[in-house]
Amino acid sequence: MSVNSAESGGRVEVVLVKAGRTKIRYAAELLGDDGTRITVRAPWAGEGVRDFGFVRFEPGDVFTEHYWRDRWFSVKEVRAGDGTLKGWYCDITRPAALSGGELVVEDLDLDLWRSADGGDVRRLDEDEFAESGLAERNPGAAAAAVAALDELEALARAGGFGSLLA
C-alpha cells in the first residue's frame, strides 16, 4: 500500500466536494487500496429515495465505489438490498485523494449511467457541466473531464468496466 493509503478493512469518510463545498459526507468500509485505485463499500447515503426515472437509489442499496488517484472519474456498482445488480453510476471527478481517513473527491458535474444489462448507457448532467463555467475557468480540467466521460461511455458500450476493475 502507498504512504497515503489506509489499511484495508478499515473505515474511511468519503467526502464529495462540488463547487468548493462539501456536497455529502458518509462512512464507508475500505475494501482495498493498491496505491492507485481505492475501493470502498457503503450503503446509499442519500436522503430517502432518489428516483432518476431510469433507476431508483433507495435505503438498503449498497454501493461498491472505485476511485483513482490518476483518473478523472469514479465507478460505483449499485446493488439493491437483496443483492440484485442495478447498474453502474459513474461520476466525473478530479483524481481522488486519501488522507487522514478521508477520501476526498471533487465532483465535476458530468455523470454516466450503465444499467445492469448494458442496454441503457446515458450521459448525464452535461447542461450542469456547461453552466459550471469550468471550461472558461480551467480549460485543461474541462478537457480532462470530457475525455474521462468519453472513455467511460466507450467502455460502457463495449461491455462494461471489467478492464478497469480487474
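Scroll up to find the structure.
Presented here is an overview of the structure given in this document. Keep in mind it's a predicted model, so treat the numbers as computed, not measured.

What follows deals with the pattern of salt bridges. Scanning all chains against the criterion turns up 18 salt bridges. Between Lys23 and Asp107 there is a salt bridge, with its nearest N and O atoms 3.6 Å apart. Here the residue Lys23 occupies a position in strand β2 (residues 21-33), and Asp107 occupies one in strand β10 (residues 102-115), the gap between them amounting to 84 residues. For Lys23, a relative accessible area of 48% gives the class partly exposed. A residue is classified by how much of its surface remains accessible, and Asp107, at 5% relative accessible area, is buried. The salt bridge partner of Arg122 is Asp120, with a shortest N-O separation of 3.0 Å.

This part covers the environment of Glu58. Looking at the element boundaries, Glu58 is found in the loop between β5 (56-57) and β6 (62-68). The class of Glu58 is partly exposed, set by a relative accessible area of 23%. Separated by 15 residues in sequence, Glu58 and Pro43 place their C-alpha atoms 9.3 Å apart. Setting aside anything within four residues of it in sequence, one finds Glu58 in contact with Trp44, Gly48, Val49 and Lys86.

Our focus in this paragraph is the pairing of strand β7 (residues 73-79). Burial analysis of β7 places six of its seven residues in the buried class, which makes it a mostly covered element. Pairing between β6 and β7: six bridges, direction antiparallel. Considered in β7, the bridge of His66 is made with Val75. The turn joining β6 and β7, which pair antiparallel and follow one another in sequence, is formed by four residues. As judged from the seven bridges shared by β7 and strand β8 (residues 85-93), these two strands associate in the antiparallel manner. Residue pairing for β8: Glu77 is matched across the bridge by Trp88. Two successive antiparallel strands, β7 and β8, enclose a turn made up of five residues, where Gly83 displays a positive phi of approximately 95°.

Parameters at a glance
- Residues numbered from 1 in each chain as written.
- Predicted model: local features only at pLDDT ≥ 70, side-chain atom pairs only at ≥ 80, totals over all residues.
- Heavy atoms only, no water.
- Salt bridge = Lys/Arg side-chain N within 4 Å of Asp/Glu carboxyl O.
- Helix = DSSP H or I, 4+ residues; strand = E, 2+ residues; numbered from the N terminus.
- Buried < 20%, exposed > 50% of the residue type's maximum accessible area, 1.4 Å probe, protein only.
- Contact = heavy atoms within 4.5 Å.
- Pairing = 2+ DSSP bridges.

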